[in-house]
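Each chain is listed here by its residues.
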Amino acid sequence: MPELPEVETVRRQLDERLRGKRVSSITLLKSGREFPVGEKFVDGVQGRVIEAVERRAKLLVWKLNDGNAITAHLKMTGRFVFVYPSYVPTKHDRMIFDIEGVSLVWSDVRQFGFMKIVSSDELETILAGYGPEPLETSVAELADRLIAPKTRMIKAALLNQEVIAGIGNIYADEALHRAGIRPTRRLGRVSSEERLRLAKEIKSVLGESVAQQGTSANDYVDTRGKKGGFLSFLRVYGREGEGCVNCRTPIKKIVLGQRGTHYCPTCQA
DNA sequence: ATATGCACCTGTGTGC
DNA sequence: TGCACACAGGTGCATA
């Protein structure tokens, strides 16, 4: 469940240790399902210098010194972990990078994640498809993204990366609870005050989670193999049946668009 | 244009 | 103990 705060945590750690370094070699492990990598990826990355590791939405972007970039998406269970050079690969490891003596493993239990090389033109197209970055955009501008289509449920809008980038299932539920808006509410029935409140809460919850290095509800760990610290600050996600922090009403869980959705039936109208 | 539902995967937890 | 199955959820795609 890496969402913006988790991906940002990984980005910072990767950038800190990889920026300016040359990729010495890549070991392809090819365990499990074939993924769009292979020899071409190795040829396109080996010998290049990583100029920076950036993030847009939930996508990691490694800028290379030949003008190309690597895009990496963790999806649900992808992870980058720094290891010792003597590391022995385990079942779900896909690749090991040797970057000037630093060893980095890319592994992915469910194999939904990817790493691929893109040209600068391709990268531009990919990034243009995302909505605004919530931590770098004003409350007013974010609120304006949540207007149409009128019949769309507000949680569906929050999960759509073209509307606002980086929000996933956990932070959608959390922001809606903080703003007092039920996830099933249609955009057309949300007042401008509520939109502003929600936009503000999106920024707050994401910012607070980044400060705690993300949430580890299930699989997520950072590049040191450490869990994020935000789990205990969640107010509704994963708290079905527990009393709401505001009113003690038991938190309800429903399925909305095939996702578990948590809310307080009293606080969220 | 928008909504719906499935597919992609494996590990874990639950009920029988 | 074994077994079947629901569930976890980001995203792309086929279908309605």
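Our subject in this report is the structure included herewith. All values reported here derive from a predicted model rather than from experimental measurement. (Residues numbered from 1 in each chain as written. Chains lettered and ligands numbered in written order. Predicted model: local features only at pLDDT ≥ 70, side-chain atom pairs only at ≥ 80, totals over all residues. Heavy atoms only, no water.)

**With respect to the overall build of chain A**
Within chain A, the regular secondary structure consists of 7 helices and 11 strands. For chain A, the C-alpha radius of gyration of 20 Å lies close to 18 Å, the compact-globule estimate for 269 residues. Principal-axis analysis of the C-alpha atoms places the extent of chain A at approximately 55 × 35 × 30 Å. The burial tally for chain A puts 51% of its 269 residues in the buried class. A sequence separation of at least 24 residues applies to 64% of the contacts in chain A between residues at least 6 apart. In the form shown here, chain A has an accessible surface area of approximately 12300 Å², with 48% of it arising from carbon and sulfur atoms. Between the averaged position of the 42 positive side-chain charges in chain A and that of its 33 negative side-chain charges there is a distance of 6 Å. (Helix = DSSP H or I, 4+ residues; strand = E, 2+ residues; numbered from the N terminus. Rg over C-alpha atoms; globule rule 2.2 N^0.38 Å. Buried < 20%, exposed > 50% of the residue type's maximum accessible area, 1.4 Å probe, protein only. Contact = heavy atoms within 4.5 Å. Areas by Shrake-Rupley, 256 points an atom, 1.4 Å probe, with all protein chains shown as cover. Lys, Arg positive; Asp, Glu negative; His and termini not counted. Charge placed at Lys NZ, Arg CZ, Asp CG, Glu CD.)

**Description of the protein's contact with DNA strand C**
In the neighbourhood of DNA strand C, 15 residues make up the surrounding shell, with Met76, Arg110, Phe112, Tyr237 and Arg259 lying closest. Taking the atoms of DNA strand C that fall within 4 Å of the protein, sugar and phosphate contribute 49% of them. Contact between DNA strand C and histidine 73: a phosphate oxygen at 2.5 Å from a side-chain N or O atom of the residue. A distance of 3.3 Å separates a phosphate oxygen of DNA strand C from a polar side-chain atom of arginine 259. (Near = heavy atom within 4 Å. Polar contact = N/O pair within 3.5 Å; in protein donor to acceptor, adjacent residues only side chain to side chain.)

**A word on the packing of aromatic side chains**
Working definition: an aromatic ring pair is given by the centre-to-centre distance plus the angle between the planes. For the structure on display, the rule yields 6 aromatic pairs. Geometrically, the ring pair formed by phenylalanine 80 and tryptophan 106 is tilted, given 4.8 Å between the ring centres and 40 degrees between the ring planes. Note that phenylalanine 80 is positioned in strand β6 (residues 78-83) and tryptophan 106 in strand β8 (residues 102-108), a separation of 26 residues in sequence. When sorted by exposure, phenylalanine 80 lands in the same class as tryptophan 106, which is buried. (Phe/Tyr/Trp six-rings, centres within 6.5 Å; stacked < 30°, edge-to-face > 60°.)

**Section: empty space enclosed by the protein**
The final tally for this structure, using the stated rule, is 1 cavity of 30 Å³ or more. Within this model, the largest cavity holds a volume of roughly 30 Å³. (1 Å grid on protein atoms, 1.4 Å probe; cavity = no way out; pocket = protein on both sides within 12 Å on 5 of 7 lines; lining within 4 Å. Points joined across faces, edges and corners; volume = space filled by probe spheres on them.)

**Side note on the sheet that holds strand β5 (residues 69-73)**
The sheet built from 5 strands is open, its strands ordered β1-β3-β4-β5-β9 with antiparallel pairing. Each edge of the sheet is formed by a strand with only one pairing partner; in this case those strands are β1 (21-22) and β9 (114-118). In this structure, β1 lies alongside strand β3 (residues 49-56), joined through 2 bridges in antiparallel fashion. Its bridge partner lying in β3, arginine 22 is registered against valine 49. Against the sheet, helix α1 (residues 4-18) touches β1, β3 and β4 (59-64), its axis set at about 165 degrees to β3. Contacting β3, β4, β5 and β9, helix α3 (residues 120-128) runs over the sheet at an angle of about 125 degrees to β9. (Pairing = 2+ DSSP bridges. Axes fitted to C-alpha atoms, helices over the stretch in contact; angles between N-to-C directions.)

**A short note on the layout of surface pockets**
Empty space within the largest pocket amounts to approximately 560 Å³. The wall of the largest pocket is formed by 21 residues, among which Met1, Met76, Gly168, Asn169 and Arg259 lie closest to the centre. Elements that contribute at least two residues to the lining of the largest pocket include exactly α6 (169-179) and β11 (259-263). Broken down by element, the lining of the largest pocket gets its largest block of residues, 3 residues, from β11.

**Observations regarding unusual backbone geometry**
Residue proline 149 is reached from alanine 148 by a cis peptide bond, and omega for that bond is -5 degrees. Checked against the element boundaries, proline 149 lands in the loop between α4 (139-144) and α5 (154-159). Positive phi, normally seen in glycine, also occurs at lysine 75, with a value near 45 degrees. The topology assignment puts lysine 75 in the loop between β5 and β6. For lysine 75, a relative accessible area of 32% gives the class partly exposed. The backbone of glutamate 100 sits at a positive phi, close to 50 degrees, despite the residue not being glycine. Here glutamate 100 is to be found in the loop between β7 (93-99) and β8. Glutamate 100 gets classed as partly exposed once you look at its relative accessible area, which sits at 47%.

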